[in-house]
Amino acid sequence: MTFWNPSLYLNPKLIDKNNLDTAKVEEALADYMESYEGIAYAVTRTNIESGNVPDTPIMNKLVRAFHPTRSGNVLLIQDQFWYLYPNPDQFAAMHGSPYAYYTHVPILMSGPGISNKMVHRSVAVSDIVPTMARFLNVRMPSGADGNPLGGKCLNNIYMFG
C-alpha cells in the first residue's frame, strides 16, 4: 500500500495473488481509516465509480477531484485544520482539503471588454471555460461542464476588469 495525498493505493497484484476481492479490501481499509485520528472520511474507488457516495457538498468535491486513472483505491478527507503528512517540513502545503478556509479563493479575469463584476456564488474551476466561451461568443467546448459566472451567488468571489 502507498499513500499519496489524498489517496491510498493498493497493490492489485498482491490482491489477485491472495484471491481477494478489491472492493472488500477497499471497504475494510476505508473503515479502518475512518477510525484513525484526523480522518473525517474515507471513500472507496469502487463506491465513487458506482455512484454510491452521499450527495453532500464535501462528497461532491471529492467526486469531482476523482480521476479514474490517477486516484487511489481509498480517498481520504482529513478533519478540518488537520495536516495529512507526519512531517510538515516535508511539504509546506497540500491540496485537496474541501473546507471553505481552503477553497475560498478569488478568481480574477482582466482584459479589454471585460466589465467589473462581483459574483456571489460558489464557483469551480470548471466555470472558467463556460465564462470565457460566453464572453468570446463561441460554442462551449464539448468537454466543459461548468456554468458561466454571473447572477446571484453565495461566496464572495470577485471578477475585476
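Residues numbered from 1 in each chain as written. Predicted model: local features only at pLDDT ≥ 70, side-chain atom pairs only at ≥ 80, totals over all residues. Heavy atoms only, no water.

Some words on the environment of Val43
Alright, step 1. Relative to the elements of secondary structure, Val43 occurs in strand β3 (residues 39-44).
Alright, step 2. Taking the C-alpha atoms as reference, Val43 lies 7.9 Å from Val53; in sequence the two are ten residues apart.
Alright, step 3. Leaving out residues up to four positions away in the same chain, Val43 has contacts with Ile48, Val53, Met59, Leu62, Asn73, Val74 and Leu75. (Helix = DSSP H or I, 4+ residues; strand = E, 2+ residues; numbered from the N terminus. Contact = heavy atoms within 4.5 Å.)

Regarding the pairing of strand β4 (residues 74-78)
Alright, step 1. When you tally the buried positions in β4, you get five out of five residues, the bulk of the element.
Alright, step 2. Burial along β4 is two-sided: the residues Val74, Leu76 and Gln78 and Leu75 and Ile77 are all buried.
Alright, step 3. Relative to β4, strand β2 (residues 7-9) runs antiparallel, the two being bridged by two bridges. Bridge assignment links Leu8 to a residue of β4, and that residue is Val74.
Alright, step 4. As paired elements, β3 and β4 share five bridges and run antiparallel to each other. Paired with Ala42 across the bridge in β4 is Leu76. (Buried < 20%, exposed > 50% of the residue type's maximum accessible area, 1.4 Å probe, protein only. Pairing = 2+ DSSP bridges.)

Some thoughts on the layout of surface pockets
Alright, step 1. Size it by volume and the largest pocket reaches roughly 1200 Å³.
Alright, step 2. Lining the largest pocket are 41 residues; nearest its centre among them are Lys61, Arg64, Thr103, Ala124 and Val125.
Alright, step 3. Every element with two or more residues in the lining of the largest pocket is listed here: β2, α4 (57-65), β4 and α5 (100-103).
Alright, step 4. The element that contributes the greatest number of residues to the lining of the largest pocket is α4, accounting for seven residues.
Alright, step 5. Split by residue class, the lining of the largest pocket holds 20 nonpolar, 15 polar and six charged.
Alright, step 6. Looking at the second largest pocket, its volume works out to about 250 Å³.
Alright, step 7. Lining the second largest pocket are Met1, Phe3, Leu8, Leu29, Tyr32, Met33, Tyr36, Glu37, Ile39, Leu76, Trp82 and Leu84.
Alright, step 8. Of the residues forming the lining of the second largest pocket, the biggest block, three residues, is contributed by helix α2 (residues 22-34).
Alright, step 9. In terms of residue class, the lining of the second largest pocket is made up of eleven nonpolar, no polar and one charged. (1 Å grid on protein atoms, 1.4 Å probe; cavity = no way out; pocket = protein on both sides within 12 Å on 5 of 7 lines; lining within 4 Å. Points joined across faces, edges and corners; volume = space filled by probe spheres on them. Nonpolar A, V, L, I, M, F, W, Y, C, P; charged D, E, K, R; others polar.)

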